[in-house]
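# Close look at the chain arrangement
Given next are the chains, with one letter for each unit.
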Amino acid sequence: MLVAVLKGAVNTLVALSQAMTIDAQIDFMSLSSYGSGSSSSGRITVRQDLSTDVKGRNVLIVEDIIDSGYTLDWTVRELKRRGAASVEVFALLEKPARRKVEVPVKYKGFEVPDEFVVGFGLDYDERFRNLDSIAVLKPEVYEGSLV
Ligand SMILES: O=P(O)(O)OC[C@H]1O[C@H](OP(=O)(O)OP(=O)(O)O)[C@H](O)[C@@H]1O
Ligand SMILES: Nc1nc2[nH]cnc2c(=O)[nH]1
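Residues numbered from 1 in each chain as written. Chains lettered and ligands numbered in written order. Predicted model: local features only at pLDDT ≥ 70, side-chain atom pairs only at ≥ 80, totals over all residues. Heavy atoms only, no water.

### Re the pairing of strand 6 (residues 107-111)
For strand 6, the tally of buried residues reaches only zero of five residues, placing the bulk of the element at the surface. Both strand 5 (residues 86-94) and strand 6 contribute to a ladder of four bridges, which runs parallel. Residue pairing in the sheet places Ala91 in a bridge with Lys108 of strand 6. (Buried < 20%, exposed > 50% of the residue type's maximum accessible area, 1.4 Å probe, protein only. Helix = DSSP H or I, 4+ residues; strand = E, 2+ residues; numbered from the N terminus. Pairing = 2+ DSSP bridges.)

Printed below as a string of structure tokens:
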């Protein structure tokens, strides 16, 4: 089954699941470690949990971006703790320069430089998620002068 980490991974989940040729159940987990800032606090909070028991299931976690890796590290550990038979990862984007914790990623999309990206589900303070492509946010926006 596919487990998407909301909210950012929603577009990625839709695109990936529609490209798959095998039947796959989907479920969602909403986590946050960013609040309204642009860097991870490292403290994960569960905003909304899965509706499925993952015990004995083969799970593919679908992520939009891996930055520090804290979110993914927490999610992999948590799903294994709940008894998933296997836990693998699909990540659309990775920002290697900012990695704090390494997590094995089976299916990798693209590497991005150390810049804050938005669009295709990715937000800055809940804005820009509905852009249909991924763009680098101008630092003036998160440094305050354009907010
Ligand atoms: O590797 P990390 O440093 O942990 O960062 C990656 C996470 O950050 C973003 O989520 P965010 O917490 O902003 O929530 P959102 O998906 O609801 O925007 C993104 O969607 C990843 O889940
Ligand atoms: N929108 C967005 N969320 C993130 N979470 C971790 N890194 C990023 C990023 O570059 N953009």
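### Considerations on the confidence of the model for the chain
Summarising the model, the chain shows a mean pLDDT of 92, and 92% of its residues fall at 70 or more. Confidence scores differ between elements of the chain, with helix 3 (residues 139-142) showing the lowest mean pLDDT of 87 and strand 5 the highest of 98. For this predicted complex, the interface score ipTM comes out at 0.95, while the overall pTM is 0.92. (pLDDT = per-residue confidence, 0-100.)

### Section: helix 1 (residues 10-19)
Where helix 1 is concerned, the buried positions are Thr12, Leu13 and Leu16. All buried residues of helix 1 lie within an arc of 100 degrees about the axis, which places them on one face of the element. Where helix 1 is buried, its residues meet strand 1 (2-6), strand 2 (26-32), strand 4 (58-66) and strand 5. (Arc of directions from axis to C-beta. Contact = heavy atoms within 4.5 Å.)

### Quick word on unusual backbone geometry
A cis geometry characterises the amide bond from Leu6 onward to Lys7, with omega recorded as -5 degrees. In the Ramachandran plot, Asp125 falls in the positive-phi region, its phi being about 55 degrees despite a non-glycine side chain. The residue Asp125 is located in the loop between strand 7 (117-118) and strand 8 (135-136) in this model. Judged by relative accessible area, Asp125 falls into the partly exposed class, the value being 40%. At Glu126, a position not held by glycine, the phi torsion is positive, near 70 degrees. One can find Glu126 in the loop between strand 7 and strand 8.

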